[in-house]
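Descriptive analysis of the structure
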Amino acid sequence: MKNHYLTSLLHLSDPTLPIGGFSHSNGLEAYVQQGTVYDAVSADSFIRSMLANNIKYNDAAFVRLAYEAASRQDVSELIQLDQECTALKSPKEIRQASMKLGVRLLKIFNRQTDHQLVEHFEKAILEKEAAGHYCITFGLYAFLLHVPVKEALLAFYYSAAVGMVTNCVKLIPLGQLDGQNILFRLHPLLEQLTEETFDLRRELVGVCNIGFDIHCMQHEHLYSRLYMS
Amino acid sequence: MISQLSIVAGFREKKSYLVDAFFTRPFRVANVGQYKTDDDLYLMVMSSSPGLLDNDQYAISIKLEAGARLQLQSQAYQRLYRMQTGAIQNMKIMLEPGCAFSYVPHPVVPHQNSKFEGHTTIYLQEGCELLLSEIITCGRKHSGEAFLFTSFQNLTEVYYKQKLILKDNVLLQPRQVPPGTIGQWEGYTHQGTLVYLNTGEQPVQVYLEKVQQIVAAEKGVFFGLSQAAINGFVLRILGHGGEQLFNCFKRVQGAIWQNNLLPEAPVPAKSKAPLLVQQV
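Keep in mind that what you see is a predicted model, and the values were worked out from it rather than measured.

This part takes up the overall build of chain A. A count of helices and strands for chain A gives 11 helices and 0 strands. Secondary structure elements in chain A, listed N-terminal to C-terminal, are α-α-α-α-α-α-α-α-α-α-α. Taking 17 Å as the expected radius of gyration for a compact globule of 229 residues, we find that chain A reaches 17 Å, a close match to that expectation. Based on the C-alpha atoms only, the size of chain A along its principal axes is roughly 50 × 40 × 35 Å. For chain A, with 229 residues in total, the buried portion stands at 58%.

Let us look at the nonpolar core. Phe46(A) and Leu51(A) are the most contacted members of the largest nonpolar core, which has 78 residues in total. When residues of this core are assigned to their parent elements, the largest contribution, 13 residues, is made by helix 9 (residues 149-171) of chain A.

Further remarks concern the interface of chain A and chain B. On the side of chain B, 32 residues touch chain A, which itself brings 37 residues to the contact. For the pair chain A and chain B, the summed buried area comes to about 2600 Å², and 57% of that belongs to carbon and sulfur atoms. Remark: the boundary between chain A and chain B carries 2 salt bridges. In this structure, the salt-bridge partner of Arg236(B) is Asp213(A), at a minimum N-O distance of 2.8 Å. In this structure, the connection of chain A to chain B is made through 21 residue pairs in polar contact (both at pLDDT 80 or more). Counting only elements with at least two residues in the side of chain A that touches chain B, the list comes to helix 3 (40-55), helix 5 (75-88), helix 6 (92-110) and helix 11 (210-219) of chain A. Examining the composition of the side of chain A that touches chain B, we find that 8 residues originate from one element, helix 11 of chain A, more than from any other. Its residues assigned to classes, the side of chain A that touches chain B shows 14 nonpolar, 14 polar and 9 charged.

Residue and element names in this part refer to chain B. Read across the sheet, 7 strands follow the order 2-1-6-9-12-16-17 without closing on themselves; strand pairing throughout is mixed. Looking at strand neighbours, the two that pair on one side only are strand 2 (15-23) and strand 17 (163-172), the edges of this open sheet. Shown here is a sheet whose adjacent strand axes are inclined to one another by a mean of 10°, direction ignored. With 9 bridges joining them, strand 16 (residues 151-160) and strand 17 adopt antiparallel strand pairing. Pairing of Leu155 across the sheet is with Asn169, part of strand 17.

All names here are of chain A. Along the chain, Met228 turns up in the segment after helix 11. Using a relative accessible area of 38% as the deciding quantity, one classes Met228 as partly exposed. Along the backbone, Met228 and Gln116 are 112 residues apart, and their C-alpha atoms lie at a distance of 33 Å. When near neighbours in sequence (up to four residues on either side) are disregarded, Met228 contacts Ser23, His24, Glu93, Lys100 and His219.

The relative placement of two aromatic rings is captured by the distance of their centres and the angle of their planes. Considering all chains together, one arrives at 18 aromatic pairs over all chains under this definition. Pairing Phe27(B) with Tyr58(B) gives two aromatic rings, centres 4.8 Å apart and planes at 65°, and the pair type is edge-to-face. With Phe27(B) in strand 3 (residues 27-31) and Tyr58(B) in strand 6 (residues 57-64), this pair connects stretches of sequence that are 31 residues apart. Comparing Phe27(B) with Tyr58(B), the two get one shared label, buried. With a centroid separation of 5.0 Å and an interplanar angle of 80°, the aromatic rings of Phe147(B) and Trp185(B) are classed as edge-to-face. Placement of Phe147(B) in the loop between strand 15 (145-146) and strand 16 and of Trp185(B) in the loop between strand 17 and strand 18 (190-198) is noted, with a sequence separation of 38 residues between them. Both residues of the pair, Phe147(B) and Trp185(B), count as buried. Connected via pairs of aromatic rings, a cluster forms that spans Tyr31(A), Phe46(A) and Phe212(A). Geometry around Tyr17(B) places Arg12(B) over its ring, the cationic atom sitting 4.4 Å from the centre.

Enumeration over the complete set of coordinates arrives at 19 salt bridges over all chains. Lys89(A) is paired through a salt bridge with Asp59(A); the nearest N and O atoms lie 2.7 Å apart. Here Lys89(A) is found in the loop between helix 5 and helix 6, whereas its partner Asp59(A) is found in helix 4 (residues 59-71), with 30 residues between them in sequence. Take Lys89(A): its relative accessible area is 12%, and that puts it in the buried class. The salt bridge involving Lys150(A) is made with Glu195(A); its shortest N-O contact spans 3.1 Å. Of this pair, Lys150(A) sits in helix 9 while Glu195(A) is found in helix 10 (residues 176-198), placing the two residues 45 residues apart along the sequence. For Lys150(A), a relative accessible area of 30% gives the class partly exposed. Bridged by salt links that share partners, the residues Glu84(A), Arg202(A) and Lys167(B) form one connected network.

The subject of this paragraph is unusual backbone geometry. With an omega dihedral of -15°, the bond running from Ile172(A) to Pro173(A) counts as a cis peptide bond. Within the element layout of this structure, Pro173(A) appears in the loop between helix 9 and helix 10. A cis amide bond links Arg25(B) with the next residue in sequence, Pro26(B), at an omega value of 5°. Within the fold, Pro26(B) resides in the loop between strand 2 and strand 3. Of note, the phi angle at Lys14(B) is positive, near 65°, even though the residue is not glycine.

In this section: the state of the cysteines. Simply put, disulfide is the name for a covalent bond between the sulfur atoms of two cysteines. Within the structure shown, the criterion is met by 0 disulfides over all chains. Cys135(A) forms no disulfide, and the closest cysteine sulfur to it belongs to Cys85(A), at a distance of 3.6 Å. According to the relative accessible area criterion, Cys135(A) is buried, its value standing at 0%. Cysteine Cys99(B) shares no disulfide, and the gap to the nearest cysteine sulfur, in Cys128(B), comes to 5.2 Å. Of the residues examined, Cys99(B) reaches a relative accessible area of 2% and is grouped as buried.

Criteria and cut-off values
- Residues numbered from 1 in each chain as written.
- Chains lettered and ligands numbered in written order.
- Predicted model: local features only at pLDDT ≥ 70, side-chain atom pairs only at ≥ 80, totals over all residues.
- Heavy atoms only, no water.
- Helix = DSSP H or I, 4+ residues; strand = E, 2+ residues; numbered from the N terminus.
- Rg over C-alpha atoms; globule rule 2.2 N^0.38 Å.
- Buried < 20%, exposed > 50% of the residue type's maximum accessible area, 1.4 Å probe, protein only.
- Core = buried A, V, L, I, M, F, W, Y, C linked by side-chain atoms within 4.5 Å.
- Contact = heavy atoms within 4.5 Å.
- Buried area = accessible area lost by both parts, 1.4 Å probe.
- Salt bridge = Lys/Arg side-chain N within 4 Å of Asp/Glu carboxyl O.
- Polar contact = N/O pair within 3.5 Å; in protein donor to acceptor, adjacent residues only side chain to side chain.
- Nonpolar A, V, L, I, M, F, W, Y, C, P; charged D, E, K, R; others polar.
- Pairing = 2+ DSSP bridges.
- Axes fitted to C-alpha atoms, helices over the stretch in contact; angles between N-to-C directions.
- Phe/Tyr/Trp six-rings, centres within 6.5 Å; stacked < 30°, edge-to-face > 60°.
- Lys NZ or Arg CZ within 6 Å of the ring centre and 35° of its normal.
- Disulfide = S-S within 2.5 Å.

If you want it as structure tokens, here you go:
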């Protein structure tokens, strides 16, 4: 069992890692305040659309690309992917959230082992060449911890889904069991999206979801806010 | 049909001017500057075709020499007709240091079964200003042709000194992702994005407030405005009318182009002493 990847993966994708994930709603708070997401059914639609139309083309796609760049020891590719993330995330709070989470994830893992690739990537962050986005750091460590890429993707989707379910339960609010029911029903979608991310064409990476973007931008101006995004 | 359009704008003795324009059918370029006192260059891209047809390929190249300020205008709505293979547009915009380029084209109307793939690449140097927008409609809504196009993709990439600083990848496939889905068009029929980037020293904070005011005055739209990763902002909007979004973007463009948003010099407050004297 020694050095088995599962423990590392559980650790890397743990939704309760102290990186601040719980303080971001990624636009959900704006949807709830405007009354668009208000019960278990609308919460389910929100989460499904977020996973299938946004995360698949954006963060999950970058996890895979970063993983592949790491497997080639290609640090300049990692930096370029990271710059692409910054360029794509047009709502300021979402961009900053992704950078904060990524840098904190890096801090948790980099003190345990030394990797040349991580050193170079960190240097680029210090020199402001890269920002250290969460999805890039996640993909990088998934490779370094010997996690197979599909398992890493599935865990990334699962972690994102848990985060959204938890936020829905708190914000709407929903019963704990309602939230868990949503999560159960998402299992097949998470597996399907993992496969689709693996086959996603490069030119489709970064597709914008205008409704999500607008809500995330409007969140900056909400009168009362529990979340940072 | 393969069509080409190439424009070079220059700058001499504090004036921007047209250095060279090369075009093939259906393009034409007209100088539409209105005032002798205005030193900037205003060009309109005219077209003898009402829109893009199947297998059309547009290759557009625009270059601004150091210091030039160019506002490009479109002539009319861009229609995308019924297609089998699809149409392609490639646009390359290069700005030398100290240039300003502003382009708010008319809305795009994708007809039933149209297929479009656009790619716009912009290169900025220091001290440049870029304002670029795009409005996409659901199609010929009043003829009952809403969201019947096959696919629309437009990729915009902005580089500053070889580094990617802004990327917008719009992909609309109404059959695969229904536009009413949460996170997409959410019941609206028109979408628009306006990007403003400034690689100079001037902070854009003052623009943000003004733009927020301009767009907030529109009725029946849903919008978000956020600071970009570099000095600048991205405005995204959903609405029900092409004309409304176009006019709104034009107002934003006008406000920024004329640079009249900088706070006026504070009027010195009158001291109380003379007032008292007057009262007496």
